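Letter by letter, the chains look like this.
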Amino acid sequence: MSATFQAILISKSDQGQSVEFRELSEADLMDGDVLVDIDHSTVNFKDGLALTGKAPIIRNYPLIPGVDFAGTVKSSAHGDFKPGDKVVLNGWGAGESHHGGFAGRARVPALWLVHLPDTFSTADAMAIGTAGYTAMLAVMALEEQGVRPSDGEIIVTGASGGLGSIAISLLSKLGFTVVASTGRPAEASYLRSLGAASVVDRGEFSTPVKPLGKMRWAGAVDSVGSITLANILSQTRYGGTVTACGLVQGADLPATVMPFILRGVKLIGIDSVHCPRERRIEAWKRLARDLERTKLAAMTTHVKLQDVPRIASEIVGGLIRGRVVVDL
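Residues numbered from 1 in each chain as written. Predicted model: local features only at pLDDT ≥ 70, side-chain atom pairs only at ≥ 80, totals over all residues. Heavy atoms only, no water.

### Details of the nonpolar core
The nonpolar side chains of a soluble globular protein tend to be buried, and buried together. Formed by 48 residues in total, the largest nonpolar core has its most connected members in Val88, Ile168, Leu170, Leu171, Val221, Trp284 and Leu287. Elements supplying a minimum of two residues to this core: helix 2 (122-144), strand 8 (154-156), helix 3 (162-173), strand 9 (178-182), helix 4 (188-194), strand 11 (217-222) and helix 7 (277-290). With 14 residues, the top contributor of residues to this core is helix 2. Leucine 171 has contacts with Val139, Leu142, Ile154, Val156, Phe176, Val178 and Val221, leaving out every residue within four places of it along the chain. Ranked by size, the runner-up nonpolar core spans 27 residues in total, among them Leu51, Ile58, Ala103 and Val326. (Core = buried A, V, L, I, M, F, W, Y, C linked by side-chain atoms within 4.5 Å. Buried < 20%, exposed > 50% of the residue type's maximum accessible area, 1.4 Å probe, protein only. Helix = DSSP H or I, 4+ residues; strand = E, 2+ residues; numbered from the N terminus. Contact = heavy atoms within 4.5 Å.)

So this is what it looks like as structure tokens:
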């Protein structure tokens, strides 16, 4: 492989943030135990915020963005990894405070890496990405809180996005009755093809929040936050569990304590960035077992590194369906 590699580099000046394509070398990379040749990355909502500057995602400038990557170990100073190993990285500050995945190469701490299950290619890993890995963590949390398919419907908000798409596929495979919430009615057939039993308009959850609504949901996977999450909580059945995975609509939560103290509803936060390595490994094992490859392929498109700034704007604008893999 060439001594240099192409990367996206974000810089900041008094005039604001700038995004450019640069030829870099290994000397430009940050410290770490393992050097990885990146095969694929992906564009998540957080990446969209970072590249467009719509949220203060990046903490160190200049920085290579990209919170995910999958690739092949080139060299390693850590006994857990050797040249040729296929690995995946999600989070840990990559693309925020440490150079991330929108480059041909990365050097990172070994603690951040997970060996890729044999059933997945590096392209598969990024078709899943942080969005899909987070969806798996949410499904695991529902199971751990005792939510079962016989308990009733599970609502998935932000259903057309990457996290929502994979959550629907996983839950339906596990026997749950899934209701998909989306603001794009044209995606109804796509969502049903992933396993959604029905599709509802997200407008149903944008009305003023009642302290207690009609009980509808045995559980939820919510990537939207704000008034949507508050409405979901007010409509969750007695003893149900809601997992909070994102803030596409906003970081506020205009709710009351009523669902918690009168219905025993549980709100479980899902952290994918600093999730312990053992739980990450378990999540990837579960993805290898429970995610149907045909559905993963149906929700995935491939782009080049040069396309990433455009995709970033589109994902922040809510225009992206499913998952986007960046072929390095």
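### A word on helix 5 (residues 226-235)
The buried fraction of helix 5 is high, at nine of ten residues. Listed in full, the buried residues belonging to helix 5 are Ser226, Thr228, Leu229, Ala230, Asn231, Ile232, Leu233, Ser234 and Gln235.

### A few points about the pattern of salt bridges
Throughout the structure, instances matching the rule amount to 17 salt bridges. A salt bridge links glutamate 204 to arginine 216, with the shortest nitrogen-to-oxygen separation between them at 3.4 Å. Taken together, the positions of glutamate 204 in the loop between strand 10 (198-201) and strand 11 and arginine 216 in the loop between strand 10 and strand 11 put the pair twelve residues apart, joining distant regions of the chain. Given the relative accessible area of 28%, arginine 216 is considered partly exposed. Taking the shortest distance from any N to any O, the salt bridge between glutamate 292 and lysine 295 comes out at 3.7 Å. A relative accessible area of 26% places glutamate 292 in the partly exposed class. Several salt bridges share partner residues, and in doing so they unite Glu26, Asp37, Lys74 and Arg105 into one network. (Salt bridge = Lys/Arg side-chain N within 4 Å of Asp/Glu carboxyl O.)

### Details of the sheet that holds strand 13 (residues 266-269)
Overall, parallel pairing links the six strands, which are arranged 10-9-8-11-12-13 in an open sheet. Each having just a single partner strand, strand 10 and strand 13 make up the two edges of the open sheet. Each neighbouring strand pair of the sheet contributes to a mean axis angle of 20°, computed without reference to strand direction. Across three bridges, the pairing between strand 8 and strand 9 is parallel. The residue bridging isoleucine 155 from the neighbouring strand is valine 179, located in strand 9. Helix-sheet contacts for helix 3 involve strand 8, strand 9 and strand 11, and the interaxial angle to strand 8 is about 155°. On top of the sheet, helix 5 reaches strand 8, strand 11, strand 12 (236-244) and strand 13; it is set at about 155° to strand 12, its chief contact. (Pairing = 2+ DSSP bridges. Axes fitted to C-alpha atoms, helices over the stretch in contact; angles between N-to-C directions.)

### Examining the packing of aromatic side chains
Throughout the structure, instances matching the rule amount to two aromatic pairs. Summarising the aromatic geometry, the rings of phenylalanine 120 and tryptophan 284 are spaced 6.0 Å apart at their centres and angled 80° between planes, so their arrangement reads as edge-to-face. Here tryptophan 284 lies in helix 7 and phenylalanine 120 lies in the loop between strand 7 (113-115) and helix 2, a separation of 164 residues in the sequence. As far as burial versus exposure is concerned, phenylalanine 120 and tryptophan 284 are alike and both buried. (Phe/Tyr/Trp six-rings, centres within 6.5 Å; stacked < 30°, edge-to-face > 60°.)

### Some thoughts on the packing of helix 1 (residues 45-52) against helix 9 (residues 308-316)
Where helix 1 contacts helix 9, the axes come no closer than 8 Å and their chain directions differ by 110°. Between helix 1 and helix 9, the angle falls in the class roughly perpendicular. Relative to helix 9, helix 1 is oriented so that their crossing is left-handed. Together, Phe45, Asp47, Gly48, Leu49, Leu51 and Thr52 of helix 1 and Val308, Ala312, Ser313, Ile315 and Val316 of helix 9 make up the contact between the two elements. Here the contact of helix 1 with helix 9 is composed, by residue class, of seven nonpolar, three polar and one charged. (Parallel < 35°, antiparallel > 145°, perpendicular 65-115°, else oblique. Left-handed = near helix turned anticlockwise from the far one by under 90°. Nonpolar A, V, L, I, M, F, W, Y, C, P; charged D, E, K, R; others polar.)

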